[in-house]
Amino acid sequence: MQLQDNFKNNFSLKGFASILIGFYFFLLAYAYKYLLDGFLIDNHPLGVISPQILEILCIVLAVIFIVFSSLAIFFRAKRKAKKEDYLLWNKQSKSALKKYFLTIIIGFGILLILKNYGYINLLTPIFLCCYATLLFLLKSKNNNKLYVLIGLAILLALYCFMIPSYWYSSFTIMAIAHAAFGLVEKN
């Protein structure tokens, strides 16, 4: 049986995939908070690690977040394509995937450059702006509700730019927003 092409981007942030990404956001925020607090608090087991190891752990956590979030989106699209008998990899999906990975590579490059030059306070706002760009790339023409998450990411990036210590709250708010979006957009 020949699978049909649906002529649209098959990757989207609806339903359980968005809930999972919200959960991953929450775990990422908690892990960062635990690492940083443990590093700064006296008599904590993490207080003995070097700043370089802490930086590597933070980068590894960000990569794990991107990998798990990408897998959640991929498996949702694969499951839906199999259920509705259409091709997962069409022209639009391949184009979106290229833009997605290009944005991730550019975003991580920018974050690493900022980190190396000591602009630590700009990491969260730039991360949230790059994340808003990723959300924009996953937006389909008939789903304008994703603009709420995009706008929220940009608004939180502005807050983090003005108040750098707001990063934990920003990640938590993004986690809640993703979970709520997944519950509202089930299809």
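Provided above is the structure to which this section pertains.
Residues numbered from 1 in each chain as written. Predicted model: local features only at pLDDT ≥ 70, side-chain atom pairs only at ≥ 80, totals over all residues. Heavy atoms only, no water.

**Points about a nonpolar patch on the surface**
A contiguous nonpolar surface patch, about 660 Å² in accessible area, is contributed by Ile 56, Val 60, Val 63, Ile 64, Val 67, Phe 68, Leu 71 and Phe 75. Counting through the fold element by element, Leu 71 comes out in helix H2 (residues 51–84). Judged by its relative accessible area of 36%, Leu 71 is partly exposed. (Patch = residues over 30% accessible without salt bridge, like charges linked within 9 Å, V, L, I, M, F, W, Y side chains within 5 Å. Areas by Shrake-Rupley, 256 points an atom, 1.4 Å probe, with all protein chains shown as cover. Salt bridge = Lys/Arg side-chain N within 4 Å of Asp/Glu carboxyl O. Helix = DSSP H or I, 4+ residues; strand = E, 2+ residues; numbered from the N terminus. Buried < 20%, exposed > 50% of the residue type's maximum accessible area, 1.4 Å probe, protein only.)

**With respect to the nonpolar core**
With 42 residues, the main nonpolar core has Leu 13, Phe 25, Phe 65, Leu 128, Tyr 131 and Phe 171 as its most contacted residues. Elements with a minimum of two residues in this core: helix H1 (16–40), H2, helix H3 (91–116), helix H4 (123–138), helix H5 (146–162) and helix H6 (167–184). Per-element accounting of this core gives the leading share, eight residues, to H1. In this structure, Phe 171 is in contact with Phe 25, Leu 28, Ala 29, Tyr 32, Thr 124, Phe 127 and Leu 128, ignoring residues within four places of it in sequence. (Core = buried A, V, L, I, M, F, W, Y, C linked by side-chain atoms within 4.5 Å. Contact = heavy atoms within 4.5 Å.)

**What to know about empty space enclosed by the protein**
Over the atoms, a rolled probe matching the size of one water molecule traces out where space is still vacant. Counting across every chain of the model gives three cavities of 30 Å³ or more. Computed from the structure, the largest cavity encloses a volume of approximately 100 Å³. In terms of lining residues, the largest cavity is bounded by Ile 66, Thr 103, Ile 104, Gly 107, Phe 108, Leu 111, Phe 127, Cys 130, Tyr 131 and Leu 134. Examining the composition of the lining of the largest cavity, we find that five residues originate from one element, H3, more than from any other. Put simply, the second largest cavity is a space of about 80 Å³. What lines the second largest cavity is Leu 13, Ile 21, Phe 65, Ile 66, Ser 69, Ile 73, Tyr 100, Tyr 131, Leu 134, Leu 135 and Leu 138. Of all the secondary structure elements, the ones that give two or more residues to the lining of the second largest cavity are H2 and H4. Partitioning the lining of the second largest cavity into residue classes produces ten nonpolar, one polar and no charged. (1 Å grid on protein atoms, 1.4 Å probe; cavity = no way out; pocket = protein on both sides within 12 Å on 5 of 7 lines; lining within 4 Å. Points joined across faces, edges and corners; volume = space filled by probe spheres on them. Nonpolar A, V, L, I, M, F, W, Y, C, P; charged D, E, K, R; others polar.)

**Here's the deal with the layout of surface pockets**
In this structure, the largest pocket spans a volume of roughly 690 Å³. Tyr 32, Cys 58, Ile 120, Leu 123 and Thr 124 are, among the 24 residues lining the largest pocket, the residues nearest its centre. Of all the secondary-structure elements, those providing two or more residues to the lining of the largest pocket are H1, H2, H3, H4 and H6. Looking at the lining of the largest pocket residue by residue, the class counts come to 20 nonpolar, two polar and two charged.

**Here we look at the side chain of Ser 69**
Of note, Ser 69 is situated in helix H2. Ignoring any residue separated from it by four or fewer positions in sequence, one finds Ser 69 in contact with Ile 21 and Tyr 24.

**Things to note about the pattern of salt bridges**
In this structure the tally under the stated criterion is two salt bridges. Asp 37 is paired through a salt bridge with Lys 33; the nearest N and O atoms lie 3.7 Å apart. With a gap of four residues between them, Asp 37 and Lys 33 both fall in helix H1, about one helical turn apart. Where Glu 55 meets Lys 115, a salt bridge forms, and the shortest distance between an N and an O atom there is 3.3 Å. On the criterion of sequence distance, the pair formed by Glu 55 in helix H2 and Lys 115 in helix H3 is long-range, its members being 60 residues apart.

**Observations regarding the packing of aromatic side chains**
Tallied over the entire structure, the rule returns 19 aromatic pairs. Measuring from ring centre to ring centre gives 6.5 Å for Tyr 30 and Tyr 34, while their planes differ by 20 degrees; the resulting arrangement is stacked. Of the two residues, Tyr 30 and Tyr 34 are both situated in helix H1; the distance of four residues between them amounts to about one turn of the helix. Under the relative-accessibility criterion, Tyr 30 is labelled partly exposed at 48%. Ring geometry for Phe 127 versus Phe 171: centroids 5.6 Å apart, planes at 45 degrees, classification tilted. Here the residue Phe 127 occupies a position in helix H4, and Phe 171 occupies one in helix H6, the gap between them amounting to 44 residues. (Phe/Tyr/Trp six-rings, centres within 6.5 Å; stacked < 30°, edge-to-face > 60°.)

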